[in-house]
Amino acid sequence: MVKSSMKKNAPIGFFDSGVGGLSVYSRFRKLLPSENTIYYGDLKNLPYGNKTQEELIGFARNILDFLKTKGVKAVVIACNTSSALAYDYIKDDYDFPIYPIIQSCAKVIAGMDIERVGVFATEGTVKSDAYNRELTFYNSKVKVKSIACPNWVSIVEGVGSVDADSDIKNHLEEMLSFNPDKIILGCTHYPYLIDRLTKFAPKELFIDPAEIFVDFIKKDLELNDKICQASEEFYVSAEPEKFLENSKIFYDVKFLPQIV
Ligand code: DGL
């Protein structure tokens, strides 16, 4: 997936309609703290869930064009709706790799020992049928039930006035009647609702794809030798060989320090 021209130390761009993508971004920063990163929240166009495909393609292009001006080495679509409806139309138009959340996680989720998979997602993602398509591509035995939760993004972004607990409970009851082995939180905003969701169902039931997603990105960057090389310099006033040898107790210093 990584295109060869990108520079190792260039930043990685992330985008979503709002704060939802930070659920991916925060895991990424923990896993790869030495990467340079840029996050873009498209609040002007939030929510993405009820937008047309043409609109979503336009939003994605505008953001990718902006991130391109920042010299990114890759872009992470930390948004399920944009991955489902825009990714296929923009993926070949840039000379850096673009990682979409749904397509990057499907293989791992489909490979889990599960047959009945629930998906909570935006209206756009549900209508696109992207999770069903991607998961059954890797595992034809999987049965997928997707439910749109149009109010959940507003609950997380702190707009709108729905009764959050009863809205969450209603969707969860409908999903539980399908008897799922796992439920994917198929919108990057939804992991913020985990405390509310787990009032009505066990935590183990839910999959937040963010962890699988950032693992996928890390492996792809490693495979292509594109992990950012944070620079390190070591100086000693004497005995560089001894310092190098003893360093192993605490840290694997890779090269001989300079004497100054
Ligand atoms: N967080 C995004 C997603 O994963 C978009 C939600 C929205 O703005 O409706 O789909």
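Look up: the structure comes first, before these words.
Residues numbered from 1 in each chain as written. Predicted model: local features only at pLDDT ≥ 70, side-chain atom pairs only at ≥ 80, totals over all residues. Heavy atoms only, no water.

(A) Spotlight on the pairing of strand β3 (residues 74-77). Both faces of β3 are covered, namely the face carrying Ala 74 and Val 76 and the face carrying Val 75 and Ile 77. Looking at chain direction, strand β1 (residues 12-16) and β3 are connected through four bridges and run parallel. Bridging across to β3, Ile 12 finds its partner in Ala 74. Examined bridge by bridge, β3 and strand β4 (residues 98-100) share three bridges and lie parallel to one another. Within the sheet, the bridge partner assigned to Val 75 lies in β4 and is Ile 98. (Buried < 20%, exposed > 50% of the residue type's maximum accessible area, 1.4 Å probe, protein only. Helix = DSSP H or I, 4+ residues; strand = E, 2+ residues; numbered from the N terminus. Pairing = 2+ DSSP bridges.)

(B) Local environment of the sheet that holds strand β7 (residues 182-185). Strand order in the open sheet made by the four strands is β6-β5-β7-β8, with parallel pairing throughout. The outermost strands of the open sheet, each flanked by one partner alone, are β6 (143-148) and β8 (206-207).

(C) Broad picture of the nonpolar core. Counting 56 residues, the largest nonpolar core has Val 24, Val 76 and Leu 135 as the members making the most contacts within it. Discounting chain neighbours no more than four positions away, the residues touching Val 24 are Phe 14, Val 76, Ala 78, Ile 101, Thr 188, Ala 210, Phe 213 and Val 214. (Core = buried A, V, L, I, M, F, W, Y, C linked by side-chain atoms within 4.5 Å. Contact = heavy atoms within 4.5 Å.)

(D) Here's a closer look at the packing of aromatic side chains. Applying the stated rule across the entire model yields twelve aromatic pairs. With a centroid separation of 5.6 Å and an interplanar angle of 55°, the aromatic rings of Tyr 40 and Phe 66 are classed as tilted. Of the two residues, Tyr 40 is situated in strand β2 (residues 37-41) and Phe 66 in helix α2 (residues 53-69); the sequence distance between them amounts to 26 residues. The class for Tyr 40 is partly exposed, based on a relative accessible area of 28%. With relative accessibility at 34%, the residue Phe 66 sits in the partly exposed group. Here the aromatic rings of Phe 234 and Phe 243 are separated by 6.2 Å at their centres, their planes lie at 50°, and the arrangement is tilted. (Phe/Tyr/Trp six-rings, centres within 6.5 Å; stacked < 30°, edge-to-face > 60°.)

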